[in-house]
Amino acid sequence: MSVKIKTNYAMPFLSEGEVSAFQQKITDAHKALHEKTGAGNDFTGWVDLPVDYDKEEFARIKAAAEKIKKNNEVLIVIGIGGSYLGARAVIEFIKGQCYNAMADDCAKIYFSGNSISSSSFAEILHIIKDKDFAVNVISKSGTTTEPAIAFRMLRELLIERYGKEGAADRIYVTTDKAKGTLKAFADKEGYETFVVPDDVGGRYSVLTAVGLLPIAAAGIDIDALMEGAAEAREKLMPTSIEENDCYKYVAVRNALYNKGLKSEMFVSYEPCFTMMNEWLKQLFGESEGKENKGLFPTSAIFSTDLHSLGQYIQEGERILFESVVTFDKPRAEIYLKEDSENVDGLNFLAGKSMAFVNEKAFQGTVLAHNDGGVPNIIIENEDMKEKTLGYLIYFFEKACAVSGYVLGINPFDQPGVESYKRNMFALLGKPGYEKEKEALELRLNK
């Protein structure tokens, strides 16, 4: 099993030399990543994670997930960015977008602490007003504004409903292994804790306890997920572009970037891939967008978005290429029947599956977009199961890291993210930001 890359819908826009020119940079990037000599090497723990993870904690994750499913109707996962995107993406992909409506054998899972919207939080409070619930708060420090607000409010509600001891039995904390406000508080209150590894950044953390606890609580096979990632780790070791489809993808996307196509649109024909697209946008946007460099990641779900974005993609400014993620086997096969009156004129499809129609929509779109001057990279997957997804997650993580090194930037930091936080703290009146507050308010009132 592997992810397969098809570049025949991208190569008409490139020469072989433009792609092969990246071979040496990719070889150097591979070496820097695996020998831990590149920028941000303190955050490359994800590289060997699929085979080198804490087995004792992994067992505790599965045990905690079973306890959550047994004792609770709802699990609220509190986190923002990499602390929630990966888990939500995996759950929606494996279980479907309507997973909570179909959660017969596990707790319903909702996500909070990823915004500061009172309207959104009110929905969470309404959902749990008459339901037994648990909380998994995910934060390295415990002081990130959005999740900290949600955790304070939900913790108070748990204590009010179950008492302090009962609340402690329903709170699961994923945080630093030894330090930080949240770790100290969790130890003091007796909450079960799981580790955010020091050497794995948030956007690469889906295969750590950060993602695995909520994923397991959703009834997903995390052993298979890790097995797929381990297989990817082994298969994606060759440095040759011709032998390693991950590195071929890196070379082609960077060659297109050099041709002036500044945006990469991640596309899938499966709506359940929507949150995976969101995860990809954070992974690549936060990793590559530095020093005025990097592809701008955007996304679409076809055929849905062909009825809104299709016109621009087909005939708008030539600023993007598409990376289309496909799956050979759908989760379910549904066939169209013949209708005696043929009111909709669809009898020519009688006996055909919806997956067949979806595939033809994909093929027709690729050809049309190529005719319109839009390159397409096709990323083919065998099925929509956990093992395949684990492989795909690792594939994209490695492609992102190597692409960052090819660009000459550190793919593991995010200095620009702190800018809005400083301004927000100042405007909220956080102690120590008095001068900044005055200056910012003058700017806002101009």
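For the structure itself, look to the data block above.
Along every chain, residues carry numbers that run from 1 in the direction the sequence is written. Thresholds applied to this predicted model are a pLDDT of at least 70 for local features of residues and 80 or more for the giving and counting of side-chain atom pairs; totals over whole chains, interfaces and linings are not thresholded and use all residues. Side-chain numbers come from the whole structure's heavy atoms, not from hydrogens or water.

Colleague: Looking at this structure, how should I read the overall build of the protein chain?
Modeller: The way it works is that DSSP assigns letters per residue, a run of H or I at least four long becomes a helix, a run of E at least two long becomes a strand, and they are numbered from the N terminus. Counting its secondary structure elements, the protein chain contains 16 helices and 10 strands. For a compact globule of 446 residues, the expected C-alpha radius of gyration is about 22 Å, and the protein chain comes in at 23 Å, within 12% of that figure. With respect to the three principal axes, the spread of C-alpha positions in the protein chain is 65 × 60 × 55 Å. For this analysis, residues touch if any pair of their heavy atoms sits within 4.5 Å. Considering only contacts in the protein chain between residues 6 or more positions apart, those separated by 24 or more positions represent 78%. Of the accessible surface of the protein chain, which amounts to about 20500 Å², a share of 51% is contributed by carbon and sulfur atoms. Think of it this way: Lys and Arg go in the positive column, Asp and Glu in the negative one, and His and the chain ends go nowhere. Working definition for charges: the position is that of NZ of Lys, CZ of Arg, CG of Asp or CD of Glu. Considering the protein chain, the positive charge centre built from 52 side chains and the negative charge centre built from 66 side chains are found 4 Å apart. Only C-alpha atoms enter the radius of gyration; for comparison, a globular chain is expected to reach 2.2 Å times N to the power 0.38, where N is the number of residues. Residue burial considers only the protein chains on display, and all accessible areas are found by Shrake-Rupley using a 1.4 Å probe.

Colleague: Mind showing me how you'd approach the sheet that holds strand β1 (residues 4-6) here?
Modeller: One key point about sheets: their strands pair by backbone hydrogen bonds, in either a parallel or an antiparallel sense. The strand order β1-β10-β9-β7-β8 describes an open sheet built from five strands, whose pairing is mixed. The open sheet is flanked by β1 and β8 (296-301), the only strands paired with a single partner. The average angle at which neighbouring strand axes cross in this sheet is 20°, direction not considered. Pairing geometry for strand β7 (residues 263-268) and strand β9 (residues 320-327), over six bridges, is parallel. Residue S268 lies in a different strand from β9, and its bridge partner there is V325. In this analysis an axis means a line fitted to C-alpha atoms, helices contributing only their contacting stretch, and an angle means the value between N-to-C directions, from 0 to 180 degrees. Contacts between helix α14 (residues 386-407) and the sheet are confined to β1, β7, β9 and β10 (376-381), with β10 contributing the most and set at about 145° to the helix. A strand pair is defined by DSSP finding two or more bridges across the two strands.

Colleague: Whenever I open this one, the pattern of salt bridges confuses me. Can you help?
Modeller: Any two side chains of opposite charge can pair, so long as their charged atoms come close to each other. Whenever Lys or Arg places a side-chain nitrogen within 4 Å of a carboxyl oxygen from Asp or Glu, that contact is recorded as a salt bridge. Taken as a whole, this structure holds 26 salt bridges when the rule is applied. When the shortest N-O distance is used, the salt bridge between K235 and E231 registers 3.3 Å. With K235 and E231 both in helix α9 (residues 222-235), this residue pair falls four residues apart, about one helical turn. Overall, the relative accessible area of 37% leaves K235 in the partly exposed class. A salt bridge links R253 to E264; the shortest N-O distance between them is 2.6 Å. Residue R253 is found in helix α10 (residues 245-258), and its partner E264 is found in strand β7; the two are separated by 11 residues along the sequence. Residues R253 and E264 agree in their burial class; the two are buried. Beyond isolated ion pairs, a larger network of salt bridges with shared partners links K140, D176, K179 and D198. Any residue under 20% of the maximum accessible area for its type is buried, any over 50% is exposed, and the rest in between are partly exposed; the area is computed with a 1.4 Å probe on protein chains only.

Colleague: How do you make sense of the pairing of β8 when you look at a structure like this?
Modeller: As paired strands, β7 and β8 are joined by six bridges and run parallel to one another. Bridge pairing links M265 to T298 in β8. A crossover connection joins β7 to the parallel β8 through helix α11 (residues 274-288); in handedness this β-α-β unit is right-handed. Here a crossover is taken to be right-handed if, once the strands point away from the viewer, the path from the first strand over the helix to the second is traced clockwise.

Colleague: Please clarify how the nonpolar core should be interpreted in this entry.
Modeller: The nonpolar side chains of soluble globular proteins are, as a tendency, buried together. By nonpolar core we mean a set of buried residues, namely Ala, Val, Leu, Ile, Met, Phe, Trp, Tyr and Cys, connected to one another through side-chain atoms within 4.5 Å. Ranked by size, the top nonpolar core spans 101 residues in total, and within it Y249, W279, I379 and F396 carry the most contacts. When residues of this core are assigned to their parent elements, the largest contribution, 14 residues, is made by α14. Among the nonpolar cores identified, the runner-up in size contains 21 residues, and I78, L157, L182 and A186 belong to it.

Colleague: Would you mind showing me how to read the environment of L440 here?
Modeller: Take L440: it is sitting in helix α16 (residues 434-444). Classification of L440 as buried rests on a relative accessible area of 12%. Once the C-alpha coordinates of L440 and A426 are considered, the two residues, 14 residues apart in sequence, prove to be 7.9 Å apart. Those residues within four positions of L440 in sequence are excluded, and the remaining contacts are N423, A426 and L427.

Colleague: Would you take a moment to explain unusual backbone geometry for this structure?
Modeller: Residue S303 is reached from F302 by a cis peptide bond, and omega for that bond is 5°. By secondary structure assignment, the location of S303 is in the loop between β8 and α12 (310-315). Even without being glycine, E291 reaches a positive phi, approximately 55°. Notably, N292 is not glycine yet its phi reads approximately 60°, a positive angle.

Colleague: How should I be thinking about the sheet that holds strand β3 (residues 108-112) in this particular structure?
Modeller: As summarised here, the arrangement of the five strands in space is β3-β2-β4-β5-β6, forming an open sheet in which the pairing is parallel. The sheet is open, and its two borders are formed by β3 and β6 (192-195), each paired with just one other strand. Neighbouring strand axes in the sheet, compared pairwise and without regard to direction, differ in orientation by 20° on average. The strands touched by helix α3 (residues 55-71) are β2 (74-78), β5 (171-175) and β6; relative to β6, the strand with the most contacts, the crossing angle is about 135°. Against the sheet, helix α7 (residues 181-189) contacts β4 (133-138), β5 and β6, and its axis sits at roughly 145° relative to β5.

Colleague: Even after reading the chapter, I still don't get a negative patch on the surface, so can you show me in this structure?
Modeller: Each patch is assembled from residues with relative accessible area greater than 30% and no salt bridge, linking like charges that lie within 9 Å and nonpolar side chains (Val, Leu, Ile, Met, Phe, Trp, Tyr) that lie within 5 Å. A surface patch of like charges, here negative, comprises E338, D339, E341 and D344. Structurally, D339 is set in the loop between β9 and α13 (354-371).

Colleague: Help me understand the environment of M276, please; the structure alone is not making it clear to me.
Modeller: Structurally, M276 can be placed in helix α11. Given the relative accessible area of 1%, M276 is considered buried. Between the C-alpha atoms of M276 and L85, which are 191 residues apart in sequence, the distance is 8.0 Å. In this structure, M276 is in contact with A89, V90, F93, L389 and I393, ignoring residues within four places of it in sequence.

Colleague: How should I be thinking about α9 in this particular structure?
Modeller: For an α-helix, the turn length of 3.6 residues means that residues three or four places apart are oriented alike. A helix is expected to span 1.5 Å for every residue after the first. Along its 14 residues, α9 runs 20 Å from first to last C-alpha, staying within 8% of the 20 Å computed at 1.5 Å per residue. Here α9 has its buried residues at I222, A224, L225, M226, G228, A229, A230, E231 and A232. Buried residues along α9 sit against α3, α4 (85-95), α8 (209-217) and α14. Capping the start of α9 is the job of one residue whose side-chain oxygen sits 3.0 Å from the backbone nitrogen of D223: D221. The definition of a polar contact used here is a pair of N or O atoms within 3.5 Å, where within protein one atom must be able to donate a hydrogen and the other to accept one, and adjacent residues in sequence count solely through side-chain atom pairs.

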